[in-house]
Amino acid sequence: MLSQSSIEYLVTNGRKGYNWAFYTGCLHWKTGVCGGGGKGFYCWAKRNADRFHKGDFTPTLHLEKLIAPNFPERPSRIAVCFTGDLFGDWVKPYQRVISGGPILKDAIFDKIRYSPQHTFLFLTKAPKNLLLWSPFPKNCWVGVTATDGYSYDRAIQSLKEIRAAVKYVSFEPLLASPLIPPRWMAEERILNWVIIGAATAPLRLPEISWVEEIEQAADKSGIPVWEKNNLAKLLNRPLRQETP
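So, here is what we can say about the structure in this document.

Cut-offs applied
- Residues numbered from 1 in each chain as written.
- Predicted model: local features only at pLDDT ≥ 70, side-chain atom pairs only at ≥ 80, totals over all residues.
- Heavy atoms only, no water.
- Helix = DSSP H or I, 4+ residues; strand = E, 2+ residues; numbered from the N terminus.
- Buried < 20%, exposed > 50% of the residue type's maximum accessible area, 1.4 Å probe, protein only.
- Contact = heavy atoms within 4.5 Å.
- Areas by Shrake-Rupley, 256 points an atom, 1.4 Å probe, with all protein chains shown as cover.
- Phe/Tyr/Trp six-rings, centres within 6.5 Å; stacked < 30°, edge-to-face > 60°.
- Salt bridge = Lys/Arg side-chain N within 4 Å of Asp/Glu carboxyl O.
- Pairing = 2+ DSSP bridges.
- Right-handed = clockwise from strand over helix to strand, strands pointing away.

**Things to note about the overall build of the protein chain**
Moving on, step 1. Each helix and strand counted, the protein chain has eight helices and 10 strands in total.
Moving on, step 2. Considering the protein chain as a whole, with its 244 residues, one finds that 53% of them fall into the buried category.
Moving on, step 3. Expressed as a percentage of contacts within the protein chain between residues at least 6 apart in sequence, the contacts between residues at least 24 apart total 69%.
Moving on, step 4. A total of about 11,900 Å² of accessible surface is found on the protein chain, and carbon and sulfur atoms cover 51% of it.

**Section: the packing of aromatic side chains**
Moving on, step 1. Across all of its chains, the model carries 15 aromatic pairs by this definition.
Moving on, step 2. Between the aromatic rings of Tyr-9 and Trp-226, the centroid separation amounts to 6.4 Å while the plane-to-plane angle is 80 degrees, which identifies the pairing as edge-to-face. With Tyr-9 in the loop between β1 (3-4) and β2 (18-20) and Trp-226 in strand β10 (residues 225-227), the pair connects residues that are 217 residues apart, well separated along the chain.
Moving on, step 3. Assessed through its relative accessible area of 2%, Tyr-9 is described here as buried.
Moving on, step 4. For Trp-226, a relative accessible area of 7% corresponds to the buried category.

**Side note on the pattern of salt bridges**
Moving on, step 1. A complete count under the given rule lists eight salt bridges for this structure.
Moving on, step 2. Between Glu-172 and Lys-228 there is a salt bridge, with its nearest N and O atoms 2.8 Å apart. Taken together, the residues Glu-172 in the loop between β8 (166-171) and α6 (182-188) and Lys-228 in the loop between β10 and α8 (232-235) connect sequence positions 56 residues apart.
Moving on, step 3. Assessed through its relative accessible area of 22%, Glu-172 is described here as partly exposed.
Moving on, step 4. Ionic pairing is found between Glu-242 and Arg-240, a salt bridge with its closest N-O pair at 3.1 Å.

**Things to note about the environment of Asn-13**
Moving on, step 1. Looking at the element boundaries, Asn-13 is found in the loop between β1 and β2.
Moving on, step 2. When its relative accessible area of 72% is taken as the criterion, Asn-13 is described as exposed.
Moving on, step 3. For the pair Asn-13 and Ser-76, spaced 63 residues apart in the sequence, the C-alpha separation amounts to 9.0 Å.

**Things to note about the pairing of strand β9 (residues 193-196)**
Moving on, step 1. Here β9 shows a buried face lined by Trp-193 and Ile-195 and a second buried face lined by Val-194 and Ile-196.
Moving on, step 2. In this sheet, β9 lies alongside β8 in parallel orientation, the contact comprising four bridges. Paired with Val-169 across the strands is Val-194, a residue of β9.
Moving on, step 3. The parallel pair β8 and β9 is bridged by α6, and the resulting crossover is right-handed.
Moving on, step 4. Bridging between β9 and β10 involves three bridges; their strand directions are parallel. Bridge pairing in β10 links Ile-196 to Glu-227.
Moving on, step 5. Following the backbone out of β9, through helix α7 (residues 208-221) and into the adjacent parallel β10, one traces a crossover that is right-handed.

**Describing the side chain of Glu-227**
Moving on, step 1. As for its placement among the helices and strands, Glu-227 is situated in strand β10.
Moving on, step 2. A relative accessible area of 0% means that Glu-227 is categorised as buried.
Moving on, step 3. In contact with Glu-227, not counting residues within four places along its chain, are Ile-196, Glu-215, Leu-235, Arg-237, Pro-238, Leu-239, Arg-240 and Gln-241.

On their own, these measurements won't tell you what the molecule is for.
Now the structure itself:
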């Protein structure tokens, strides 16, 4: 029920991580949250749906994948619903998954708590809804996508309010200066990790000064930084690929 992932920061001990895609699809592309004039231009999951599923990106709960995920035995990093947004407005965490059964939030978190050897990563473009799910099990890393200064501010305000062992911001794709003076990240002390990456298909590299701006702020606060492989041509040096 799980598929292996090509996301490089999910690799542990040389082994690829996994996707737990029990809730697929998203509506952000209709509202312009993903950029590209409301067409989901920057969303790789939407592009894959257009390519392989005739454009059907309707949010769908796959109950069998939720109930029987068949997690690997070895400790792994598992991306939760990266082919959608589990925290979108259309997802109801307190709705029962089946009549008389557990609510969605409990059904997910129970599976995670019973698998303490694994690390489960969440990522959203709707940070305002994270509080509905907090607190998260201790083996969860909770992140928010930010593409510029405005979305970074939204991410920080929401992450400040929730309880999770690791809280991170994924600047991917980084489309504008995040306007983060080094002192800001140091003073907030909210984040445990920062990811930086470029837009892909087509490749759209950020300004190197934007990357340096984020990394200077992270370094001052002792926050590990993961540079995605798609930044290699821009940086022309060994990539920083640090984890919490």
